[in-house]
Amino acid sequence: MTDDLIRKAAKDLAAAKSVAALTGAGISVESGIPPFRGRGGIWEKIDPSYADIDRFMRNPADVWNVLIKEMKEIIDKAKPNDGHKGLAKLEELGKLNTIITQNVDGLHQMAGNTDVIEFHGTFAWQRCLDCDERCETSKVELTEIPPRCKCGGIYRPEVIFFGEMIPYKALLRSKEIASSCDIMLVIGTSATVHPAAMMPGVAKENGAKIIEINLDETPLTGHISDYLVKGKAGQVMNAILAEMESLA
Ligand code: OAD
Ligand code: ZN
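Residues numbered from 1 in each chain as written. Chains lettered and ligands numbered in written order. Predicted model: local features only at pLDDT ≥ 70, side-chain atom pairs only at ≥ 80, totals over all residues. Heavy atoms only, no water.

**Description of the packing of aromatic side chains**
Evaluation of the coordinates by the stated rule reveals 3 aromatic pairs. Plain terms: the ring middles of Trp43 and Phe162 are 6.4 Å apart, the flat faces sit at 45° to each other, and that makes the pair tilted. Placement of Trp43 in helix H2 (residues 42–45) and of Phe162 in the loop between strand S6 (155–159) and helix H7 (168–180) is noted, with a sequence separation of 119 residues between them. Classification of Phe162 as partly exposed rests on a relative accessible area of 33%. (Phe/Tyr/Trp six-rings, centres within 6.5 Å; stacked < 30°, edge-to-face > 60°. Helix = DSSP H or I, 4+ residues; strand = E, 2+ residues; numbered from the N terminus. Buried < 20%, exposed > 50% of the residue type's maximum accessible area, 1.4 Å probe, protein only.)

As structure tokens, then:
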């Protein structure tokens, strides 16, 4: 069953002219970054309200201690896995143009993809709440929590918290990409957080084929997606690329 779908995905990708990808936390799980939902998910251990902007502004030290500090430790040492590398290879093959990612870990860029829309911002940078000066997260010392800028202001990561708007440009470009691709690969997302989760619907409405790669079914499965290739993102990408090579 999975083998048939891998062959099908390889054939579809080989025939496609313009592929886009929508990725979520699941693609970074094999890099040691936990997902938000499902088995081992962050929201099983921590109340999701820690990602609310109101909560951060009320008590930045608390949110740094419970959520951000651990994210920094995990992301600082994470490296791209075969899922990220597979998407970089698809770009190299001239198939994949753009990745819309909900992830803030920067691993797609590290793998070599050149057009990555960071829908929920980036964890690579911190911004001072007072003077707006930016500092690379890897250079921020955690000796004091919350970490502070030279001016004394508190740093916040340049990620989108719940309750904040998606950057207008990211939203607009994502809709454009979704409207013009002929395949959208939807990898490792539970497709539950909007507006990111509506991009596959936009793509489908414009005639694209939607291929999901995920350990489990999602709300898109059987409705918006044409088919789901079940498995770990890295393993499935490797299998699809190997099959594409044998077709060439
Ligand atoms: P979720 O944590 O909601 O979903 C992760 C998905 O990845 C699930 O559907 C899993 O089945 C799947 N998965 C887990 N391991 C996998 C693997 N090795 N290979 C393939 N799939 C795997 O993550 P997102 O959909 O990205 O938002 O979550 C969306 C947003 O919710 C995040 O960007 C974040 C969060 O709250 C903000 O912080 C604004
Ligand atoms: Zn400052």
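**Let's talk about the coordination of the zinc ion (ligand 2)**
Coordination of the zinc ion (ligand 2) by the protein involves Cys128 (SG), Cys131 (SG), Cys149 (SG) and Cys151 (SG), with metal-donor separations of 2.3 Å. Considering all 4 donor atoms around the zinc ion (ligand 2), angles at the metal cover 103 to 118° and the coordination shape is tetrahedral. Counting the intervening residues between successive donors of the zinc ion (ligand 2) yields the motif C-x2-C-x17-C-x1-C. The buried category is assigned to Cys128, whose relative accessible area is 1%. Looking at Cys131, the relative accessible area reads 38%, which means it is partly exposed. (Donors = N, O, S within 2.8 Å, 3.2 Å for Na, K, Ca; no water. Tetrahedral: all angles 85-135°; square planar, octahedral: opposite > 155°, others 65-115°.)

**What to know about the domain arrangement of the protein chain**
Here the domain parsing of the protein chain yields domain 1 (1–32 + 79–120 + 166–248) and domain 2 (34–77 + 121–159). A C-alpha centroid distance of 27 Å is found between domain 1 and domain 2. Counting residues at the interface gives 14 residues for domain 1 and 14 residues for domain 2. Carbon and sulfur atoms make up 53% of the surface buried where domain 1 meets domain 2, a total of about 990 Å² over both sides. At the junction of domain 1 and domain 2, the tally comes to 1 salt bridge. Ionic pairing is found between Asp216 and Arg39, a salt bridge with its closest N-O pair at 3.2 Å. Taken together, the connections running from domain 1 to domain 2 amount to 3 residue pairs in polar contact (both at pLDDT 80 or more). Residues that form the side of domain 1 that touches domain 2 fall into these classes: 5 nonpolar, 5 polar and 4 charged. (Domains from an automatic or database assignment. Contact = heavy atoms within 4.5 Å. Buried area = accessible area lost by both parts, 1.4 Å probe. Salt bridge = Lys/Arg side-chain N within 4 Å of Asp/Glu carboxyl O. Polar contact = N/O pair within 3.5 Å; in protein donor to acceptor, adjacent residues only side chain to side chain. Nonpolar A, V, L, I, M, F, W, Y, C, P; charged D, E, K, R; others polar.)

**Examining H7**
End to end, H7 covers 19 Å across 13 residues, agreeing with the expected 18 Å (1.5 Å per residue, within 8%). If you check which residues of H7 are buried, you get Ala170, Leu171, Ser174, Ile177 and Ala178. Looking straight down H7, one finds its buried side chains confined to an arc of 130°; they lie on one side. Within H7, the exposed residues directed more than 90 degrees away from the buried face are Tyr168, Lys169 and Ser180. (Expected span 1.5 Å × (residues − 1). Arc of directions from axis to C-beta.)

**Focus on the site of ligand 1**
Taken together, 23 residues surround ligand 1, and among them Phe36, Arg37, Thr189, Ser190 and Asn214 come closest. The contact in question runs from an oxygen atom of ligand 1 to an N or O atom on the side chain of Arg37, over 2.6 Å. One of the side-chain nitrogen or oxygen atoms of Ser190 is found 2.6 Å away from an oxygen atom of ligand 1. For ligand 1, whose accessible area on its own is 800 Å², the fraction buried by protein is 92%. Counted by class, the shell around ligand 1 contains 10 nonpolar, 9 polar and 4 charged residues. Residue contributions to the shell around ligand 1 reach at least three from each of two domains, namely domain 1 (1–32 + 79–120 + 166–248) and domain 2 (34–77 + 121–159). (Near = heavy atom within 4 Å. Areas by Shrake-Rupley, 256 points an atom, 1.4 Å probe, with all protein chains shown as cover.)

**Some remarks on the sheet that holds S6**
Pairing within the open sheet is antiparallel, and its 3 strands lie in the order S5-S4-S6. Looking at strand neighbours, the two that pair on one side only are strand S5 (134–136) and S6, the edges of this open sheet. Averaged over all neighbouring strand pairs, the angle between strand axes comes to 40°, with direction disregarded. Inspection of the sheet shows strand S4 (residues 121–128) paired to S6 by 4 bridges, in the antiparallel sense. Across the sheet, Arg127 pairs through a bridge with Arg156, a residue of S6. Helix-sheet contacts for helix H4 (residues 60–76) involve S4 and S6, and the interaxial angle to S4 is about 125°. (Pairing = 2+ DSSP bridges. Axes fitted to C-alpha atoms, helices over the stretch in contact; angles between N-to-C directions.)

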